[in-house]
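A look at the structure
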Amino acid sequence: MSGVKLLTVSADEGEQRLDRWFKRRFPLLTQGAVEKMCRTGQVRVDGARAKAADRVAPGMVIRVPPLPESEAPSRPARDGVSAADTKMIQACVLFKDEHIIVLNKPAGLPSQGGSGQGDRHVDGLTEALKFGFKERPKLVHRLDKDTSGVLVLARTDRVARALSEAFRHRNTRKIYWAVVAGVPHPRQGSIKYALMKAPGHGRGGEGEKMMCIHPAKVDDYPGAKRAQTDYFTLWFLGTRLSWMALEPITGRTHQLRAHMAELGHPIIGDGKYGGSGQENLGDGWGAQGGGDMSRKLHLHARRLSFQHPITKAEMTFTAPLPDHMQRTWKLMDWKETDVPEDPFMVAR
């Protein structure tokens, strides 16, 4: 049996039913098991009893009772992080103090377990990030498995709640770097298509995608949520490829990937939203750049700014590019120092 846990709903998990939150965190739990735990008072939300249909929001703390090992999320045993994984995840640390840890998450490593994510993920490696603390650090937001870059963990429940609130109320600034097919026109602007989940296949919703809904038609789709991405073209190669800075004003699932594909300029390496091979979407070139370019997703959480939850200092963290994007930059003769770190501030 796994012990009692107090888990904080992260900003990226958004508002959702309690039973759905459980199913995402613990994919092997049945609906009946969730309802029984709620009915018997074993599950608490911010200290109070809750029903399976109650809605939870970022920042709320959920008491998870002991679960049979067969129903616990996939993660290494408490002392089961290998020496190789310990070395790897500790090498990802960009900053740490007694309140927060900031990582440069590698591409291909999920933030946490769940359907289709396998046994190896950041949340499962946090035992190696305790650095003398009794408790593991806690995720307060997430990055997609194939997206690299700045990821913040909280070292205490108090800090986790504060950071979750900051992400929820958009008191943070995120800038992503991406390589996209084609050259957007205009080269700077905002994408304001709402996003709505399209059903996937399989028990766990594998293959789930986000559909873009025109802002004028949002009221016709009850499941659509308004979304906004600001974009800035930093560099381009003829009409074939562009180096983009992307700032998500909202934080929807797959927002950047879906928005760029809707614009006709899918992110290179995006098999989910980019179509196949060299398919021409709009005036883009499809999701594969061809030649010597890596087929991995070219999306990187480059920069994150927020107020430190305890010291109140304004902090900004910048993550170096992953290896496959570094190779693309070298191939294109792009230099990281040739562009402003915050082009949106310059433009304003």
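Residues numbered from 1 in each chain as written. Predicted model: local features only at pLDDT ≥ 70, side-chain atom pairs only at ≥ 80, totals over all residues. Heavy atoms only, no water.

Naming follows an unreviewed UniProt entry, where the protein chain appears as Pseudouridine synthase of Gemmobacter fulvus. You can read under Catalytic activity (unreviewed entry) in the UniProt record for the protein chain the words "a uridine in RNA = a pseudouridine in RNA". In its Function (unreviewed entry) section, UniProt records this for the protein chain: "Responsible for synthesis of pseudouridine from uracil." (UniProt positions renumbered as here; feature names shortened; annotations may be inferred.)

1. A look at the UniProt feature "active site" (unreviewed entry) in the protein chain
Here the UniProt feature "active site" (unreviewed entry) sits at D144. Within the fold, D144 resides in the loop between β9 (138-139) and β10 (148-154). We classify D144 as partly exposed; its relative accessible area is 27%. (Helix = DSSP H or I, 4+ residues; strand = E, 2+ residues; numbered from the N terminus. Buried < 20%, exposed > 50% of the residue type's maximum accessible area, 1.4 Å probe, protein only.)

2. With respect to the packing of helix α1 (residues 18-25) against helix α2 (residues 31-39)
In contact at an axis separation of 10 Å, α1 and α2 are set at 125 degrees when each is read in the N-to-C sense. Put simply, α1 runs oblique to α2. Note that α1 runs across α2; the crossing there is right-handed. Between α1 and α2, the contacting residues are L18, D19 and F22 on the first element and Q31, V34, M37 and C38 on the second. (Axes fitted to C-alpha atoms, helices over the stretch in contact; angles between N-to-C directions. Parallel < 35°, antiparallel > 145°, perpendicular 65-115°, else oblique. Left-handed = near helix turned anticlockwise from the far one by under 90°. Contact = heavy atoms within 4.5 Å.)

3. Focus: unusual backbone geometry
Put simply, H185 and P186 share a cis peptide bond, and its omega is 0 degrees. With respect to the element layout, P186 can be found in the loop between β11 (172-181) and β12 (188-191). Of note, H254 is a non-glycine position whose phi angle comes to about 55 degrees, a positive value. Note that H254 resides in the loop between β16 (241-248) and α5 (255-262). For K312, which is not glycine, the phi dihedral falls at a positive 70 degrees. Assessed through its relative accessible area of 47%, K312 is described here as partly exposed.

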